[in-house]
Amino acid sequence: MIGIIILLVMLGIEVGFMVYCFVTKSYQKENKYILRVSLFVLLLLLFLLHGLTWGFRYTMLTFILLLMVIVGTIQFFRGKYKKVVIFKKKYVIMTCIRNMLLFTFAIMPAILFPQFKPIEITGNYDVKTVSYTLTDDSRKETFSDNEESRKVTIEFWYPDQMNEQYPLLVFSHGSFGFRGSNRSTFENLASNGYVVCSIDHTYHSFFTSQTDGKSVLVNMDFMNDAIAATNGDFDEQTTFQKTQEWLDLRTKDMNFVLDTIEDEVSKDNSGEVYQLINTDEIGLFGHSLGGATAARLGRDRDDIDAVIVVDGTMLGEELAFEKGSVVINKTPYPIPLLNMYNEEHYEEAKSTADHYANTVATAGAIDAKDIVIHGSGHLNFTDLPLFSPFLASMLGTGEVDSRYCIETMNQIILDYFNYYMKHTTELNLKTEY
């Protein structure tokens, strides 16, 4: 909303100044210079008084206004404002159109990614972060032609309290998400006494910022296939084959990360964050395809205590494709499992309960719960609806209030892990929110 207001004000000023030039039959160069300086000073004051938050949203606008002020100042001292020139309406109109387009382009980041009030943490710990890019020498990077080993970047959120150890929670993002997609969730968990590790699945992540400064974008073949699979463009067997390939890559990533963390924790000279981790208490969670990854490792490993699947399909429960359909694992899921659903996903799961991986796993699990947040869509289970409501709505959100959905999800995740990782006495979760 703030970005739209700023854009309307800037466009209104340009149109108004054009009309003023028409009325006075003058280019009004001195007044335009004063106007540019005033706007630039006003923008700086808004930053200083915290009316606007400095950042990428306003960088381009600030640069353009600064450039206009510098050019205007040079012209002022060169005496160009006093030079008499023939007034031409066409020039004024073209200048107005140019500036309107320029300001629209400059303010677009503030419109697409509006300022928002961050989700408040509920715990008492201050939160620190640190990132590492790990190299898995046992695997070649299949998305690269350089015969290089696969690199996986992780980011930790952890309590700023050095005299304790905390349970470890590892998160896997959804298709072309990224390791910061649920930042508010990570911060809240860390503030309540957890070490949270979020994985960037390189080339599955929309972008990966490695600690060596290199940035890696999502592989477009994977992105296109993921979109096609979501839209039902593949037949059932092709979908099964592709999703199993994706899941295999991600489970190897997560296994590698967990093994690396456990190895670092065992060392005396490891980094600060590793010294805070209690590897006797490990939980996994993930969104969408990341939830499938977490659930797969929850079944495969014996050091995982609980798993949360955030609006994902448990693809690891699909064992094979035979006689025209997917074969679902009927072996009871071995550890506590929570499935969170958006409303449409929940209704579809109920209608196909006998042959849908999640519902079959929940029915046969030793301890499982299902939760739905009514009015939610798939992207409501990330921070994107706050960071960019426009992009989130294009990709899939529901009618639920975005802040309510995120805060509700964060509290559910905290309560669930508290019960199974910190052994709190009660777990009062509803099925429907």
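First, a word on scope: everything that follows refers to the structure included in this document. It should be emphasised that the depicted structure is a prediction, and the values quoted were computed from it without experimental measurement.

On to the environment of Phe 285. Within the secondary structure layout, Phe 285 lies in strand β7 (residues 277-287). A C-alpha to C-alpha distance of 23 Å links Phe 285 and Ile 227, two positions 58 residues apart in sequence. Sequence-distant contacts of Phe 285, that is, excluding residues within four places in its chain, are made with Leu 169, Val 170, Phe 171, Ser 172, Thr 185, Phe 186, Leu 189, Val 196, Ala 294, Ile 308, Ile 413 and Phe 417.

The subject of this paragraph is the pairing of strand β9 (residues 318-322). Consecutive side chains of a regular strand alternate in pointing toward one face of the sheet and then the other. Here four bridges tie β9 to strand β10 (residues 325-328), and the two strands are oriented antiparallel to one another. Its bridge partner being in β10, Glu 322 is matched across the sheet by Ser 325. Counted along the chain from β9 to the antiparallel partner β10, the turn is two residues long, and its residue Lys 323 has a positive phi close to 55°.

Attention shifts here to the nonpolar core. With 37 residues, the main nonpolar core has Ile 154, Phe 156, Leu 168, Val 195, Leu 258, Leu 284 and Val 307 as its most contacted residues. Put simply, the parts of the chain that give this core at least two residues each are β2 (149-159), β3 (166-172), β4 (195-200), α7 (236-265), β7, α8 (289-300), β8 (306-310) and α10 (357-364). It is α7 that provides the largest number of residues to this core, a total of five residues. With near-sequence residues (within four places) excluded, Val 307 lies in contact with Leu 284, Ala 294, Ala 295, Gly 298, Tyr 333, Ile 335, Pro 336, Leu 337, Leu 338 and Tyr 416. Of all hydrophobic cores here, the second largest spans 33 residues; its members include Leu 189, Met 409, Ile 413 and Leu 429.

Let us look at the layout of surface pockets. Considering only enclosed or pocket space, the second largest pocket measures out at about 600 Å³ in volume. If you go around the second largest pocket, you meet 23 residues; those closest to its centre are Lys 32, Gln 75, Tyr 91, Thr 95 and Arg 98. Those elements giving two or more residues to the lining of the second largest pocket turn out to be α1 (2-24), α2 (29-48), α3 (56-77) and α4 (89-112). No other element matches α4, which puts seven residues into the lining of the second largest pocket. Split by residue class, the lining of the second largest pocket holds 13 nonpolar, four polar and six charged.

As a further point, take the environment of Asp 212. For Asp 212, the location among the structural elements is in the loop between β5 (207-209) and β6 (215-217). Along the sequence, Asp 212 and His 378 sit 166 residues apart, while their C-alpha atoms lie 33 Å from each other. Here the side chain of Asp 212 touches Lys 214 through a polar contact of 3.0 Å, landing on its backbone nitrogen.

Under the counting rule described, the total for this entry stands at 27 aromatic pairs. Ring centres of Phe 206 and Phe 207 lie 6.5 Å apart, and the angle between their planes is 80°; on these two criteria the pair is classed as edge-to-face. By relative accessible area, Phe 206 is classed as partly exposed at 42%. Judged by centre distance (4.8 Å) and plane angle (85°), the rings of Tyr 419 and Tyr 420 are edge-to-face. Using a relative accessible area of 29% as the deciding quantity, one classes Tyr 419 as partly exposed. Members of the aromatic cluster, connected to one another through ring pairs, are Trp 157, Phe 171, Phe 186, Phe 285, Tyr 416, Phe 417, Tyr 419 and Tyr 420. Above the ring of Phe 22, the side-chain terminus of Lys 89 is found at 5.4 Å from the ring centroid. When the ring centre of Phe 234 is taken as origin, the NZ or CZ atom of Lys 242, which lies over that ring, is 5.5 Å away.

Once that is clear, we can look at the sheet that holds β8. Taken in spatial order, the eight strands line up as β1-β2-β4-β3-β7-β8-β11-β12 in an open sheet, and their pairing is mixed. In this open sheet, the two edge strands, each paired with only one partner strand, are β1 (127-140) and β12 (368-373). Strand-to-strand twist of the sheet, defined as the mean angle between neighbouring strand axes without regard to direction, takes the value 20°. Contacts between α7 and the sheet are confined to β1, β2, β3, β4 and β7, with β1 contributing the most and set at about 115° to the helix. Against the sheet, α10 touches β11 (337-342) and β12, its axis set at about 145° to β11.

Considered for burial, the residues of helix α6 (residues 220-230) that qualify are Phe 222, Met 223, Ala 226, Ala 228 and Ala 229. Where α6 begins, the side chain of Asn 219 points an oxygen toward the backbone nitrogen of Asp 221, at a separation of 3.1 Å. Directly after α6, the chain includes Gly 232, whose backbone phi takes a positive value near 75°.

What follows deals with the side chain of Ser 184. One can find Ser 184 in helix α5 (residues 183-191). At 2.8 Å, the side chain of Ser 184 and the side chain of Asp 383 are in polar contact. In terms of polar contacts, Ser 184 uses its side chain to reach the side chain of Asn 410, at 3.2 Å. Non-local contacts of Ser 184, meaning those with residues more than four positions away in its chain, are made with Ile 119, Asp 383, Ile 406 and Asn 410.

As enumerated under the stated definition, the model contains 22 salt bridges in all. For the salt bridge of Glu 14 with Arg 36, the shortest nitrogen-to-oxygen distance reads 2.8 Å. With a gap of 22 residues between them, Glu 14 in helix α1 and Arg 36 in helix α2 connect regions that are remote in the sequence. The pair Glu 14 / Arg 36 is uniform in exposure class, with both members buried. Note that Asp 253 and Arg 150 form a salt bridge whose closest N and O atoms lie 2.9 Å from each other. In this pair, Asp 253 is assigned in helix α7 and Arg 150 in strand β2, connecting sequence segments 103 residues apart.

Calculation notes
Residues numbered from 1 in each chain as written. Predicted model: local features only at pLDDT ≥ 70, side-chain atom pairs only at ≥ 80, totals over all residues. Heavy atoms only, no water. Helix = DSSP H or I, 4+ residues; strand = E, 2+ residues; numbered from the N terminus. Contact = heavy atoms within 4.5 Å. Pairing = 2+ DSSP bridges. Core = buried A, V, L, I, M, F, W, Y, C linked by side-chain atoms within 4.5 Å. Buried < 20%, exposed > 50% of the residue type's maximum accessible area, 1.4 Å probe, protein only. 1 Å grid on protein atoms, 1.4 Å probe; cavity = no way out; pocket = protein on both sides within 12 Å on 5 of 7 lines; lining within 4 Å. Points joined across faces, edges and corners; volume = space filled by probe spheres on them. Nonpolar A, V, L, I, M, F, W, Y, C, P; charged D, E, K, R; others polar. Polar contact = N/O pair within 3.5 Å; in protein donor to acceptor, adjacent residues only side chain to side chain. Phe/Tyr/Trp six-rings, centres within 6.5 Å; stacked < 30°, edge-to-face > 60°. Lys NZ or Arg CZ within 6 Å of the ring centre and 35° of its normal. Axes fitted to C-alpha atoms, helices over the stretch in contact; angles between N-to-C directions. Salt bridge = Lys/Arg side-chain N within 4 Å of Asp/Glu carboxyl O.

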